[in-house]
Amino acid sequence: MNALRDDFFKYQAQTTPSPLAMEISHAEGSYIFDIHQKKYLDFVAGVSACSLGHRPPSVVAAVKEQLEKYWHVMVYGEYIQRPSVELTILLAANLPESLSCTYLTNSGTEAIEGAMKLAKRITGRSQFVAAKNAYHGSTQGAMSIMGFEERKSAYRPLLPGIEFITFNCDADLEKIGTQTAAVVLETIQGGAGFILPKNHYLKKVKKRCEEVGALLILDEIQPGLGRTGTLFGFETFGIVPDILVMGKGLGGGFPIGAFSTSPTLMKQLQTDPVLGHITTFGGHPVIASAALATLKRITEGDLMKKTLKKEQLFRQLLIHDHIQEIRGIGLMLALILPNAETANQLVLRCMEKGLILFWLLFEKKAVRITPPLTLSENEIREGCEIILSVLDEL
Ligand SMILES: Cc1ncc(COP(=O)(O)O)c(C=O)c1O
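What counts, and at which threshold
- Residues numbered from 1 in each chain as written.
- Predicted model: local features only at pLDDT ≥ 70, side-chain atom pairs only at ≥ 80, totals over all residues.
- Helix = DSSP H or I, 4+ residues; strand = E, 2+ residues; numbered from the N terminus.
- Rg over C-alpha atoms; globule rule 2.2 N^0.38 Å.
- Buried ≥ 20, exposed ≤ 12 C-beta atoms within 10 Å, placed from the backbone.
- Contact = placed C-beta atoms within 7 Å.
- Pairing = 2+ DSSP bridges.
- Axes fitted to C-alpha atoms, helices over the stretch in contact; angles between N-to-C directions.
- Near = placed C-beta within 6 Å.
- Nonpolar A, V, L, I, M, F, W, Y, C, P; charged D, E, K, R; others polar.
- Domains from an automatic or database assignment.
- Expected span 1.5 Å × (residues − 1).

(A) Up close: the overall build of the chain. Summing up its helical and strand segments, the chain has 13 helices and 15 strands in all. Taken over C-alpha atoms, the radius of gyration comes to 21 Å for the chain, in line with the 21 Å a tight globule of 394 residues would show. Overall size of the chain, expressed as C-alpha extent along the three principal axes, is 60 × 55 × 45 Å. Counting across all 394 residues of the chain, residues that qualify as buried make up 47%. For the chain, long-range pairs separated by at least 24 residues make up 74% of all intrachain contacts whose partners lie at least 6 apart in sequence.

Right, here's the structure in full:
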């Protein structure tokens, strides 16, 4: 008998008929503990959100300090609140001038919505081009540019006139035209199977956008921040988007989203009409202080540099007949297995053995490894041993 478990299924709305339903006691560093005091090594980090692991001391201190001063005092953008201003300053210090003005939201999907609205205002156009198998969030604008019909047809009508292109396909770039407000792409496709842009693909997209006067919006919600060895994924591929969208890892485990562009372009949301994009809780001071502490740690230390070394260790250790490929870069890795059932069993049996792995949204043969950036080498070895022992049994 477990009353809380029963109530979870009865009262809390679910997203699938079969959630993992592990009941959490507490979490610390790279580990999560369930109510039976079983310890789980976390190779998922709340789906790339807990950049510094669980309850990192500097984030705990920043949140506590802010709680002692004030939390919600006014809707986004009216009052001057130090944590959100300092967060946008630190972002600007790490971004090109053309991305130096940031709007803070509560989630990634909301940041995508804001970015799409901004692109309409800047260009005076309404068509969007997005990639097949892309995921950008679950609200209706973001769902409209999701490239996976099976999960969205039940919600139509959605935004009209969306054009889909195949990621990494040069021929499809012709679909970007003079009607296009923006091309929205994940810098590294997440749900599709951790697919990296190849053969200067993003440079070609950017060039085509410039030719036809469309904007390039890059969704960095999964690779950000620091996960790919650079703070932002786009730095690895030698281009700068017109609008950058962030979320997940920026908050260090607190709910956040953000989109950045130039101060001049961002002004479009202020006038004609005023209040072009509004939010009650965006830029919340407690969450901004958590994000600020997270961003400081990532940018000031050597975590980013170590990310690529840790990737090498994963690649050295994870050699097995069932692993067909390891996709991704840095600490955004996906094991590609022979079929969906093997991937499924790997996730479930590793969990039994105390290792957390997770599925990808659309690529069912893949298993996600997106641990905290703070994961130690010993923890990598510990987790990889579990993975290999489970694969031996499959
Ligand atoms: C690439 C990408 N974009 C957007 C989102 C939506 O972010 P959120 O769940 O914070 O709304 C996600 C979430 O998984 C994502 O992976």
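(B) Inspection of the sheet that holds strand S6 (residues 163–165) at higher detail. Sheet architecture is open: 7 strands sit in the order S4-S10-S9-S8-S7-S5-S6, paired in mixed fashion. The sheet is open, and its two borders are formed by strand S4 (101–105) and S6, each paired with just one other strand. For this sheet, the mean angle separating the axes of adjacent strands, direction not counted, is 20°. Its contacts with the sheet place helix H5 (residues 108–123) against S4, strand S5 (127–131), strand S7 (180–186), strand S8 (215–219), strand S9 (243–246) and strand S10 (257–261), and it is angled at close to 25° to S10.

(C) Focus on the site of the ligand. Close to the ligand lie 14 residues; Ser107, Gly108, Thr109, Gly137 and Ile221 are nearest. Split by residue class, the shell around the ligand holds 3 nonpolar, 9 polar and 2 charged.

(D) Geometry of the domain arrangement of the chain. In terms of domain boundaries, the chain breaks down into domain 1 (3–55 + 302–393) and domain 2 (59–300). The gap between the C-alpha centroids of domain 1 and domain 2 is 25 Å. Facing the 25 residues of domain 1 at the interface are 29 residues of domain 2. At the level of secondary structure, the elements contributing two or more residues to the side of domain 1 that touches domain 2 comprise helix H2 (45–48), helix H11 (303–317), strand S11 (325–329) and strand S12 (332–336). Among the elements that make up the side of domain 1 that touches domain 2, the one with the highest residue count is H11 (4 residues). Considering only residue class, the side of domain 1 that touches domain 2 consists of 16 nonpolar, 6 polar and 3 charged.

(E) Representation of the sheet that holds strand S13 (residues 355–356). On the basis of which strands lie adjacent, the open sheet formed by 4 strands has the order S1-S2-S3-S13 and mixed pairing. For this open sheet the edge positions go to strand S1 (24–28) and S13, each flanked by a neighbour on one side alone. One ladder, built from 3 bridges, connects strand S2 (residues 31–34) with strand S3 (residues 39–42); its direction is antiparallel. Considered in S3, the bridge of Tyr31 is made with Leu41.

(F) Structural detail: helix H10 (residues 285–300). If you check H10, its first and last C-alpha atoms are 22 Å apart, about what 16 residues at 1.5 Å a residue would give, namely 22 Å. Taking burial as the measure, the 16 residues of H10 include 12 buried ones, the bulk of the element. Those residues of H10 that sit buried are Pro285, Ile287, Ala288, Ser289, Ala290, Ala291, Leu292, Ala293, Thr294, Leu295, Arg297 and Ile298. Residues of H10 that are buried in the fold lie against helix H3 (57–67), helix H4 (82–93), S4 and H11.

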